[in-house]
Each structure stands twice: as structure tokens, then as C-alpha cells.
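What follows is the residue order along each chain.
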Amino acid sequence: MKRFKRSTQPFKQTVFSNQAETRPVLEKEWYGVVELPDGKSRLYTYTAKQRSEAVVYFEEEARLNNGVLTVVSTFK
């Protein structure tokens with residue numbers, strides 16, 4: 001029968017720091033491209049938590065400038 005040796009190493013205690021962890025940034029920087037009737041394009045930026053909120057803003061800008069919203073995306 002095989003016998004195992006006892007470990008004589010002391011246990012190490014885990015020490016946690018009391019610093020708060022950083023919270024993730026929920027708001028993103030969105031951009032939208034609006035094409036105008038004269039063939040030019042305008043780039044708009046907007047900070048929002050959700051894409052739908054940014055789309056509403058960009059569609060309003062397109063409507064005010066008689067343009068069409070073509071692209072909505074976020075900066076990486």
C-alpha cells in the first residue's frame with residue numbers, strides 16, 4: 001500500500017483590494033451619414049446607450065435637411 005506524504009507548506013491567504021472595479025461604459029458614440037438632395041453627404045455624431053435612440057436623432061436631422069439617412073454605425 002502506497003502512503004502519501006503530508007504537505008508541510010503553509011496555506012496562502014488571498015488578499016483582496018478594497019478598490020472598486022471600474023464599471024463598463026454603457027454609452028456609445030454613434031455616427032450617421034445623411035445624403036442631401038444636392039448630392040452631398042453630412043456626417044453626424046451622437047452619444048446614446050442604444051442604437052434606436054441614435055437612429056431617431058439621425059432621422060430627425062435628415063428630415064430637417066430634406067435628406068435621407070444612409071448609414072448608422074458606432075465608433076470602435
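A brief report on the enclosed structure follows.

Reading the values: the criteria
Residues numbered from 1 in each chain as written. Predicted model: local features only at pLDDT ≥ 70, side-chain atom pairs only at ≥ 80, totals over all residues. Heavy atoms only, no water. Helix = DSSP H or I, 4+ residues; strand = E, 2+ residues; numbered from the N terminus. Salt bridge = Lys/Arg side-chain N within 4 Å of Asp/Glu carboxyl O. Buried < 20%, exposed > 50% of the residue type's maximum accessible area, 1.4 Å probe, protein only. Phe/Tyr/Trp six-rings, centres within 6.5 Å; stacked < 30°, edge-to-face > 60°. Contact = heavy atoms within 4.5 Å.

1. Section: unusual backbone geometry
Okay, step 1: Not every positive phi belongs to a glycine, and Asn66 is a case in point at roughly 55 degrees.
Okay, step 2: Tracing the chain through its elements places Asn66 in the loop between α1 (51-64) and β3 (68-74).

2. Topic: the pattern of salt bridges
Okay, step 1: For the structure on display, the rule yields 1 salt bridge.
Okay, step 2: Ionic pairing is found between Glu60 and Arg63, a salt bridge with its closest N-O pair at 2.6 Å. Highlighted residues: Glu60 and Arg63, both in helix α1, separated by 3 residues, approximately one helical turn.
Okay, step 3: On the basis of relative accessibility, which here comes to 53%, the residue Arg63 falls in the exposed class.

3. A closer look at the packing of aromatic side chains
Okay, step 1: In total, this model carries 3 aromatic pairs according to the counting rule given.
Okay, step 2: Between the aromatic rings of Tyr31 and Phe75, the centroid separation amounts to 5.1 Å while the plane-to-plane angle is 45 degrees, which identifies the pairing as tilted. With Tyr31 in strand β1 (residues 28-35) and Phe75 in the segment after β3, this residue pair connects regions lying 44 residues apart in the sequence.
Okay, step 3: The exposure class assigned to Tyr31 is partly exposed, which follows from its relative accessible area of 22%.
Okay, step 4: Residues Tyr57 and Phe58 carry aromatic rings whose centres are separated by 5.6 Å and whose planes lie at 65 degrees to one another, so their mutual orientation is edge-to-face.
Okay, step 5: Using a relative accessible area of 0% as the deciding quantity, one classes Phe58 as buried.
Okay, step 6: Cluster of aromatic residues (ring-pair linked, three or more members): Tyr46, Tyr57 and Phe58.

4. Here we look at the environment of Leu69
Okay, step 1: Of note, Leu69 is situated in strand β3.
Okay, step 2: Accessibility expressed as a relative area gives 22% for Leu69, which makes it partly exposed.
Okay, step 3: With 14 residues separating them along the chain, Leu69 and Val55 place their C-alpha atoms 8.7 Å apart.
Okay, step 4: Not counting chain neighbours up to four residues away, the residues in contact with Leu69 comprise Gly32, Val33, Val34, Val55, Phe58, Glu59 and Ala62.

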